Each structure stands twice: as structure tokens, then as C-alpha cells.
Amino acid sequence: MAVIRLTKKLWNEYLHQNRVKASKRAAENRLRRKREVLIVAHMPLAEAIARQVWHRFTRMGQGGYGSPIELEDMVACAHVGLVEAAGRWDPSRGDFGKYCYLRVRGAVIDAHRRQAYLEAKHTSIDEWFENDGGQRSGAAESENYINRYLRDTASLADELTNRAQ
């Protein structure tokens, strides 16, 4: 009899744990569906925000913001910002539309500035080599700069192993 009671008790615990897991999964699925509904409902808003920012930056030209990004890239960044906003939004703190507007706009502007920074940084190094060309500072100094900063002079793993043996 004791074995049967123990078996029933274990079986009931097992069922309870599975019910708890199932209810957690169901709650997660409901939350995911709500987020998906929010994302789909606010996609036109995200695309409109991306167009606003794109028009703003293209109207400004290259005055400090680098070359303009394609509109499709900005829309993609807006969609990423929208998904992040849906994932971080707390319903108790207010309307999703206002929160979404700020998060999406910030994501698009950040992506544009990040791209402009990378292009400016890459361009400045290229311009240094093209403009200098070994003329002002001498070819030996340019080669010294390349060897000092741009080439990896660290020993390879095989060399370190051979030295240790």
C-alpha cells in the first residue's frame, strides 16, 4: 500500500509540474502573440518615422552627417527598433504608440550616425594615405607608420609553441 501511495504522490507532483510548465508556456505564447500584434499594427508608423528621418538627413545633405543611407536601410532599422520597443514595453507605463515613436526614431538616428561615423573614419584613413602618398613625410616615415600601427607583428601560435619547446 505504501508503494502505491508513493507512486500516486509522485504522479500527482509530476502532473502538477507539467501543468505549471504548460501554463507558463501558454502565458509566454499569449505575450508573444500580443507583441506580434503590436508590431504588425505599428509597422506603418515605423516606416513613416524612417521616411521622416531619411528626408531630414537627405535634405541636410552631407553637412556633418556623412553620406545618406538608403531609405530601405532606414526602414529596416525602424523595424528592428519596433521589435525592440515591443519587447521592452511595459503596459503599465503608458501608450505603446508614444513609446514606440521614441524608440524607433532613436534606433534609426543611431544607425545613421553609426554608419556616418564608420564611413568618416574609413575615409579619413584612406585620405591620409592618398594625400600623403609619401610626399610630405617621406616614404620611409610612411612605411614606418604602416609597420608600427597597421601590421600585426605579434608572434603566431606555432612560433610561440616552437619557442617554448
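Residues numbered from 1 in each chain as written. Predicted model: local features only at pLDDT ≥ 70, side-chain atom pairs only at ≥ 80, totals over all residues. Heavy atoms only, no water.

Trainee: Honestly, the overall build of the protein chain in this entry has me stumped. Any pointers?
Mentor: Each helix and strand counted, the protein chain has five helices and zero strands in total. Taking all 165 residues of the protein chain together, the buried fraction comes to 18%. Considering only contacts within the protein chain whose residues lie at least 6 apart along the sequence, 60% involve residues at least 24 apart. Accessible surface for the protein chain amounts to roughly 12,800 Å². Of this, 55% is attributable to carbon and sulfur atoms. (Helix = DSSP H or I, 4+ residues; strand = E, 2+ residues; numbered from the N terminus. Buried < 20%, exposed > 50% of the residue type's maximum accessible area, 1.4 Å probe, protein only. Contact = heavy atoms within 4.5 Å. Areas by Shrake-Rupley, 256 points an atom, 1.4 Å probe, with all protein chains shown as cover.)

Trainee: What is the right way to look at the confidence of the model for the protein chain in this model?
Mentor: Interpretation of this model should avoid reading the predicted coordinates in detail wherever pLDDT is low. In the predicted model, the protein chain carries a mean pLDDT of 77, and the fraction of residues at 70 or more is 68%. No element of the protein chain has a lower mean pLDDT than helix H4 (residues 139-150), at 60, and none a higher one than helix H2 (residues 71-88), at 91. (pLDDT = per-residue confidence, 0-100.)

Trainee: Mind showing me how you'd approach the environment of His-42 here?
Mentor: With respect to the helices, strands and loops of the structure, His-42 is situated in helix H1 (residues 2-60). The residues contacting His-42, other than those within four sequence positions of it, are Leu-82, Phe-96, Gly-97 and Cys-100.

Trainee: Please explain the nonpolar core as it appears in this structure.
Mentor: The biggest cluster of nonpolar side chains holds 19 residues, and the ones touching the most others in it are Val-53, Met-74, Ala-78, Leu-82, Phe-96 and Val-104. The element contributing the most residues to this core is H1, with seven residues. (Core = buried A, V, L, I, M, F, W, Y, C linked by side-chain atoms within 4.5 Å.)

Trainee: Help me understand the packing of aromatic side chains, please; the structure alone is not making it clear to me.
Mentor: Within a pair of aromatic rings, the relevant descriptors are the distance that separates the centres and the angle that separates the planes. Counting across every chain of the model gives two aromatic pairs. Between Trp-89 and Phe-96 the ring centres are 5.2 Å apart and the planes differ by 70 degrees, which places this aromatic pair in the edge-to-face class. (Phe/Tyr/Trp six-rings, centres within 6.5 Å; stacked < 30°, edge-to-face > 60°.)

Trainee: Please clarify how H2 should be interpreted in this entry.
Mentor: Note that an α-helix has 3.6 residues per turn; residues three or four places apart therefore point the same way. End to end, H2 covers 26 Å across 18 residues, agreeing with the expected 26 Å (1.5 Å per residue, within 8%). Among all positions in H2, only Met-74, Val-75, Ala-78, Gly-81, Leu-82, Ala-85 and Ala-86 are buried. Axial view of H2: buried residues confined to an arc of 135 degrees, hence all on one face. Away from its buried face by more than 90 degrees, H2 exposes Glu-72 and Arg-88. (Expected span 1.5 Å × (residues − 1). Arc of directions from axis to C-beta.)

Trainee: I'm lost on the environment of Phe-96 in this one. Help?
Mentor: Position of Phe-96 relative to the elements: it lies in helix H3 (residues 96-132). With 10 residues separating them along the chain, Phe-96 and Ala-86 place their C-alpha atoms 8.1 Å apart. Not counting chain neighbours up to four residues away, the residues in contact with Phe-96 comprise Leu-38, His-42, Leu-82, Ala-85, Ala-86 and Trp-89.

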